[in-house]
Amino acid sequence: MPSSDPSPASPSRFRPAPLLACVALLAAVALLALDLGSAAAKKPRRPPFGDHARQAYNILAPGEFGNVPPTRNSTDQGSLYDALTPLQGNVTAGDLQRLFKSERFGVSGRGTRKEATGRKGLRIVRDAFDVPHVFGRTRDDVSFGAGWVAAEDRGLLLQQGRGPGYVSALSVPGVDAFGLIVNLQTFIPSPQAQAYVGGQARVLQGSAKGRRVLRDFRAWVDGINAYYRARVPAASRPAPFTLADAFGIFSFIGSIFGNGGGDEVRSADLLAGLQNRLGATAGAGVWHDLRESNDPEAPTSAPAPFDYHSDPGGPTAGSPVIDAGSISPMGKSAARTLASSRQRMSNALLIAARRSASRHPLAVMGPQLGYYYPEIVMEADLHGGGIDARGAVAPVAPYVLIGRAKRYAWSLTSASNDNTDQFLEQLCNPDGSPATSSSTSYMYKGRCTPMTSFDAGLLKGSSGQPDRELTFMQTVHGPVSGTVTVAGAPYAIATDRATRGREPASALALADLNANHATGPTSFFRVANEFETTFNWHYADQRNIAYFSSGRLPVRAPGLNPDLPTLGTGAYDWRGFLSQNAHPHALNPPAGQILNWNNKPAPGWGAADNVWEYGSVHRVQEFTGFRRRGNRLSDVASVMNRAATQDLRAVRVWPVIRRVLAGSPAPSPVAQQAADLVTAWSARGSSRLDTTGNGKVTDPGAAVLDAAWPGLADAVLGPVLGPPLLSQFARIYGRDNKPSPSGSAYGGGWYEYVDKDLRTQLGDPVRGPFSRRYCGGGDLTTCRNSLWAAIQAAATQLSMTQGPDPNAWRAGANPERITFKPGLIPFSMRWTNRPTFQQAIEFGR
């Protein structure tokens, strides 16, 4: 059955010559006449629940069960996940069947068990992996069942997250809401917080679809509470969940993985420091180099340009530069109130139909959510009342968040688009006296306006710390996190997140996806645009692949630099939000593929002010090795799995470093041997795989590059920035100078700066060149000597700590193993940079 959406026309089919056609027809009639009876008996059966997948697999590490004590189903999928890693780029069709589990609709096979809920019209069946298959007579039944299994499989997470969910929804300054969960801290929301979050039901009440979603949430909450009444003794039963609790924990989707921006003040502080050191023009040039907000060499997922978050290039009166070092946080809060996760490691690999062996699109994709027990998501298979979906379910809503429907699949990666701004509120006193950093009024539209106070609730003390009431001040732009000065005058820092106060609005998109309303690329773009938090959406059906980068993204006033804070006088407030067509999107692109690893969405799309790594080197460039034609699903999985253990520095940056080093001899034989080890490792593919099981990277080249990299990176930027600014920039960028599996190996080590600057100094063609040369202060010989010095220092260090034989050196002061926070299970896996939940899927008869 064709899609209901207009799609690109299929290639014209081969028309046989008349004689061949007649022969073919006669042969078909003869075969049909041989067994008319059996042909009638063998009519094609309709796939269960309209399942049109040719192949459908998924995996969730460590497993479905997420309570204590753990069971076999707590880690059974983790063992399969771990077994794929050493296969690297040699995954076969048999490996997909063996090391993933089926993602088909319905339940079959041995090991199934039925689960009683006491609700008529609802049936829940568990398969051998403990995945719940929920079948409802009505949509309310399905939502109720989704709540029931959420309480059963992620009860620990629900209970621990319900309080911190309010902290997340409120954007309480200086408090890491998700950190409260990981650290097992308790937060008790105030009546004011419950009213604010619960009142967000208003964003759903204005339409029939919104009211249906609100009903889904109510049934889901009923299912959670019914489970606790049925299975938990009254003495230990938690207080009943409420709709406000649900909206609070739903906000985690956006506050952890789906936000961008909100770090303009620290960026402005770096700019002020650079200008103090280098002068106004030169300092601004270096700041622009480091920002790389629109580097033309950055790899993108959509090929067509989309203009957003661009540096205006002219006067920016509405974006003042703060006085260097003037940031003063209020209490324990930081200037930046929305801590963006550096763990941007989700990925998606989609191959178009014309490059597929089956002539149907192929997709291997999933989110990297971190490794926790209980894991952030669970899996469910939901059917009834118009809902047919299976995949990863976050225990925050009655829907599949990432997964598949009857005829299509979808997945998300964090986009970090700029949906959050910091406003500088000029402080004043109502009596006209000079303002100080302690003033609680601010100038807005010509009036000295008092701030308001918000009581979020009580944070229970832990580790010897006392209980603490979380209160904060607010302006029209949002919570106040601290103060700065501009030309000596005090300003408050207020943060405006475009989705704050609208948390449940994004559920509209999930409801549509679960109800199979994304019937083709056009409707997929419409549905994805309903999701107000910032994600890259990937879509595959039996004919198309598509991409959309979502978010409720502000249209900013003229006279602003989006990388700097905005003057909060009212003259520069947001002017609306970006339209659907202005978001980056792509449909069956000319290259026949869509690749994403949290990289830049499209040419011309500026990086949010908290994103500093959209440069010439990005890990998405490791997705290479596809066939020009005839790709199979296992080929796509092979590309993903090989890249999952590759070291990006060795693949992309070391060859440039080696060319610089080649201009002079090494300072010592051991330094030369160390460099040769990295070169040999790079030539072998630079895998960080532990092949011996000792928790160390097997190849000695990894040990050398890990030890040398901080010195190599500092040798490039250090001569211009100097130690204080170098350290300040490292904190903003997220680099800690500590070699580790998640840091030096997989991103966050200034790779793009090293690459572009050294290529410039070698005379290579460079698009979007820096304002100056950095390494060696612009002198290639001095630069080369500093790079060799970093190699020599690393070799000396390794000789002292691991012995004189470079071939015996191994990377990793700590075992390179994945463990599951906060430590409730002892299970661990080989390190790999791979989605926590991952689909491998293909649609078509």
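Refer to the preceding data block for the structure.
Here the structure is a predicted model, which is why all the values come from computation and not from measurement. Here, residues in each chain are numbered from 1, in the same order as that chain's written sequence. Totals for whole chains, interfaces and linings use every residue, but because this is a predicted model, local features are given only for residues with pLDDT of at least 70 and side-chain atom pairs only at 80 or more, for both listing and counting. In computing side-chain values, all of the structure's heavy atoms are included and hydrogens and water are not.

Asker: What's the story with unusual backbone geometry in this structure? I'm lost.
Answerer: Residues apart from glycine generally show negative phi values, whereas peptide bonds are mostly found in trans. Following V68, the chain continues into P69 via a peptide bond in cis, with omega recorded as 0°. Under the scheme used here, helices are H or I runs from DSSP no shorter than 4 residues and strands are E runs no shorter than 2 residues, and both carry numbers assigned from the N terminus. You can see P69 is positioned in the loop between strand 1 (53-60) and helix 3 (76-84). For the peptide bond that leads from K821 to P822, omega is 0°, which places it in the cis range. You will see that S171, though not glycine, has its phi angle at about 55°, which is positive. Relative to the helices and strands, S171 resides in the loop between helix 7 (164-170) and helix 8 (177-182). Its relative accessible area of 8% is what places S171 among the buried residues. The phi dihedral of W750 falls on the positive side, at around 65°, and the residue is not glycine. Assignment of secondary structure puts W750 in the loop between helix 20 (700-733) and helix 21 (751-761). Taking relative accessible area as the criterion, W750 reaches 1% and is therefore assigned buried. Note on exposure labels: buried denotes an accessible area under 20% of the residue type's maximum, exposed denotes more than 50%, and partly exposed covers the range between, all computed with a 1.4 Å probe on protein chains only.

Asker: So what exactly am I meant to see when it comes to the pattern of salt bridges here?
Answerer: Opposite charge on two side chains allows them to pair when their charged atoms are near. Salt bridges are identified by distance alone: a Lys or Arg side-chain nitrogen within 4 Å of an Asp or Glu carboxyl oxygen. Taken as a whole, this structure holds 44 salt bridges when the rule is applied. The salt bridge partner of D388 is K406, with a shortest N-O separation of 3.8 Å. Placement of D388 in strand 11 (residues 387-393) and of K406 in the loop between strand 12 (402-404) and strand 13 (409-414) is noted, with a sequence separation of 18 residues between them. One salt bridge in this structure joins R556 and D421, with 2.8 Å as the shortest N-O distance. Placement of R556 in the loop between strand 22 (545-549) and strand 23 (566-567) and of D421 in strand 14 (residues 420-428) is noted, with a sequence separation of 135 residues between them. If you follow the salt bridges from partner to partner, you end up with R113, E115, R126, D130, E152, D153 and R231 in one network.

Asker: Got a minute to help me understand the side chain of Q185 in this structure?
Answerer: As for its position among the elements, Q185 is in the loop between helix 8 and strand 6 (187-189). The exposure class of Q185 is buried, given its relative accessible area of 15%. The contact rule is simple, with two residues in contact once any of their heavy atoms fall within 4.5 Å. Setting aside anything within four residues of it in sequence, one finds Q185 in contact with Q160, P164, L180, L459, K460 and S462.

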